[in-house]
Amino acid sequence: DTQWMIHFDMDKFKATQLFKLMEKDETNIHFKKKSGELHKKFKIDIYNDINSTTLFGIGGVEENTAVMISGNLNQKHLRSLLDLTDDHVEEKYGQFTIHCWDRDEAGVFVDDHTILISGSKTAIKDTLDVIAGKKKNISSAPLMSYFKDISGDTFITAVIDDISSLMKGTGPRILKKSGRAFFTAWEKKQNINLKLSLDVESPEIAENMEHVIKGLIAMANLYENETFKDLKLQEAIKIFQKDNTIQMELTYPVEELRSKALERKMKNLFQMSAVVF
């Protein structure tokens, strides 16, 4: 019954040219500082110890969100940190032991390489029931159809079952009319590839969205300011519309991402898009 999921595969990401560029980037001080702090506290090296991370949940409520991390995790050290908390308690649940701390935090060492953490003990138990085979897993869910054709190089996968239900009447107009969304990111032949598939209320809305997005790209190409002229969006983005689904694909050279001006250019483009949507 999970309504959304984001999966990041560190092993596949580390094989990309993008990762190699990030490692060489001396300006990425903030991230390196944060990763150093995490290593100091949890004895976990983000790049070398973590294989993958998956976030999933029901609705948009933080308490109903869980995160599963797999890799070479120093579980002995993590257990020692739990023992340092004043309110750490343990609860047996089938073959597992659920650890609770800080009033509403819960977690479990699923096996020697996997930990599961959530702000909800119910979410922990539901997930453990799936792992133990007591409840159905995603293989029987409609969402599974999206996973069949993804690239073997994909390092980010994200899916939302129904965007409009998560928005609860707030947010951009276009999202209020959107249903299922599926996003993937991978690298091939030194190009970063992004693919988004979005279901909306009707074919008419999908067609209108296609026209709006193509119009934005045309505006960007006509814009003679330095902000847009080097983006070459018309060549990079492909847009398809079929029935009530719109699909967007972006292919961009990884080497171009090294441009310090790219982030500013994309930020200005997104701001222009936000006004329209």
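Please refer to the structure placed before this passage.
Remember, it's a predicted structure, so these values are computed and weren't measured experimentally.

A. How the structure looks around the nonpolar core. Among the nonpolar cores identified, the biggest contains 17 residues, and Ile98, Val108, Val110, Leu116, Ile124, Leu128 and Val159 are the most heavily contacted of them. For this core, the elements supplying multiple residues, two or more each, are β5 (96-101), β6 (105-111) and α6 (121-131). Ignoring sequence-local partners within four residues, the contact set of Leu116 consists of Phe56, Ala66, Val67, Met68, Ala106, Gly107, Val108, Val110, Ile124, Thr127 and Leu128. In terms of nonpolar packing, the next biggest core, distinct from the first, is built from 13 residues, Phe19, Leu21, Tyr47 and Ile192 among them.

B. Main features of the environment of Arg103. Along the polypeptide, Arg103 turns up in the loop between β5 and β6. You can call Arg103 exposed: its relative accessible area is 84%. Taking the C-alpha atoms as reference points, Arg103 and Gly119, 16 residues apart in sequence, are found 9.3 Å from one another.

C. Structural view of a negative patch on the surface. A grouping of Glu62, Glu63, Asp86, Asp87, Asp102 and Asp104 is seen on the molecular surface, where their side chains present a negatively charged patch. Mapping Asp86 onto the fold places it in the loop between α5 (75-83) and β4 (89-93).

D. Just the pairing of β6, in detail. Counting buried positions along β6 yields five of seven residues, so the element is predominantly enclosed. The turn joining β6 and strand β7 (residues 114-118), which pair antiparallel and follow one another in sequence, is formed by two residues.

E. Looking closely at the sheet that holds β4. Reading across the sheet, the 12 strands line up as β4-β5-β6-β7-β3-β2-β1-β8-β9-β10-β12-β11 and stay open at both edges, with antiparallel pairing between neighbours. Strand pairing shows two members of the sheet lacking a second neighbour, β4 and β11 (237-242), which therefore form its edges. Put simply, the sheet's adjacent strands are angled 15 degrees from each other on average, direction ignored. The strands that α5 touches are β5, β6 and β7; relative to β6, the one it contacts most, it runs at about 155 degrees.

F. Expanded view of the pairing of strand β12 (residues 245-253). Pairing of strand β10 (residues 191-200) with β12, which is carried by nine bridges, proceeds in the antiparallel orientation. Across the sheet, residue Ser197 finds its bridge partner in β12, namely Gln247. Counting the residues that bridge the hairpin from β11 to β12 gives two residues, and of these Asp243 lies at a positive phi of roughly 55 degrees.

G. Here's a closer look at the pattern of salt bridges. Applying the stated criterion across every chain yields a total of six salt bridges. Between Glu37 and Lys34 there is a salt bridge whose closest N-O contact spans 3.8 Å. With Glu37 and Lys34 both in helix α3 (residues 29-42) and three residues apart, the pair spans about one turn of that helix. Accessibility expressed as a relative area gives 43% for Lys34, which makes it partly exposed. We note a salt bridge from Lys121 to Glu91, for which the minimum N-O separation is 2.8 Å. Residue Lys121 is found in helix α6, and its partner Glu91 is found in strand β4; the two are separated by 30 residues along the sequence. Put simply, Glu91, Lys121 and Lys125 are held in one network by salt bridges that share partners.

H. A look at the packing of aromatic side chains. Across all of its chains, the model carries five aromatic pairs by this definition. Taken together, a centroid distance of 5.1 Å and an interplanar angle of 55 degrees make the contact between Phe13 and Phe155 tilted. Of the two residues, Phe13 sits in helix α1 (residues 10-13) while Phe155 sits in the loop between α6 and β8 (156-160), which places them 142 residues apart along the sequence. There is no split in this pair, since Phe13 and Phe155 are both buried. For the pair Phe31 and Tyr47, a centre-to-centre distance of 5.9 Å together with 40 degrees between the ring planes defines the contact as tilted. Of this pair, Phe31 sits in helix α3 while Tyr47 is found in helix α4 (residues 46-49), placing the two residues 16 residues apart along the sequence. You can call Phe31 partly exposed: its relative accessible area is 32%. One Lys or Arg, Arg79, reaches over the ring of Phe109 and ends 4.1 Å from the middle of that ring.

I. Layout of α5. Buried residues of α5: Gln75, His77, Leu78 and Leu82, and no others. The buried residues of α5 all sit within an arc of 160 degrees when viewed along its axis, so they share a single face. Exposed side of α5, more than 90 degrees from the buried face: Lys76 and Asp83 are the residues found there. Residues of α5 that are buried make contact with α3, β5, β6 and β7.

So, how was this worked out
In this convention, every chain numbers its residues from 1, walking through the sequence in written order. Reporting in this predicted model follows two pLDDT cut-offs: at least 70 for local features of residues, and 80 or more for side-chain atom pairs to be given and counted; totals over whole chains, interfaces and linings ignore these cut-offs and use all residues. Heavy atoms throughout the structure, all of them, feed into the side-chain values; hydrogens and water do not. Nonpolar core, defined: a set of buried Ala, Val, Leu, Ile, Met, Phe, Trp, Tyr and Cys residues in which side-chain atoms within 4.5 Å join the residues together. Each residue gets one of three labels from its accessible area relative to the maximum for its type: buried under 20%, exposed over 50%, partly exposed in between, using a 1.4 Å probe on protein chains only. Segments assigned H or I by DSSP are reported as helices when at least four residues long, segments assigned E as strands when at least two residues long, and all are numbered from the N terminus. The contact definition used throughout considers only heavy atoms, calling two residues in contact when any of these lie within 4.5 Å. The patches reported here contain residues having more than 30% relative accessible area and no salt bridge. Joining distances are 9 Å for like charges and 5 Å for nonpolar side chains (Val, Leu, Ile, Met, Phe, Trp, Tyr). For every accessible area listed, the method is Shrake-Rupley and the probe measures 1.4 Å; residues are considered covered only by the protein chains on display. Criterion for a salt bridge: a side-chain nitrogen of Lys or Arg within 4 Å of a carboxyl oxygen of Asp or Glu. The sign given to each residue is positive for Lys and Arg and negative for Asp and Glu; His and the chain ends receive no count. Where a charge sits is defined by one atom per residue type, namely NZ (Lys), CZ (Arg), CG (Asp) or CD (Glu). Two strands qualify as a pair provided DSSP detects at least 2 bridges between them. Interaxial angle, 0 to 180 degrees, is taken between N-to-C directions of lines fitted to C-alpha atoms, where a helix line uses only the stretch in contact. The pairing test for Phe, Tyr and Trp rings, Trp by its six-membered ring, is centres within 6.5 Å, and the orientation test on the planes gives stacked under 30 degrees, edge-to-face over 60, and tilted for anything in between. We count a charge as sitting over a ring when the NZ of a lysine or the CZ of an arginine lies within 6 Å of the ring centre and within 35 degrees of the ring normal. Note: the arc covers the axis-to-C-beta directions of the helix.

Note that all results are geometric; they support no functional claim without further evidence.
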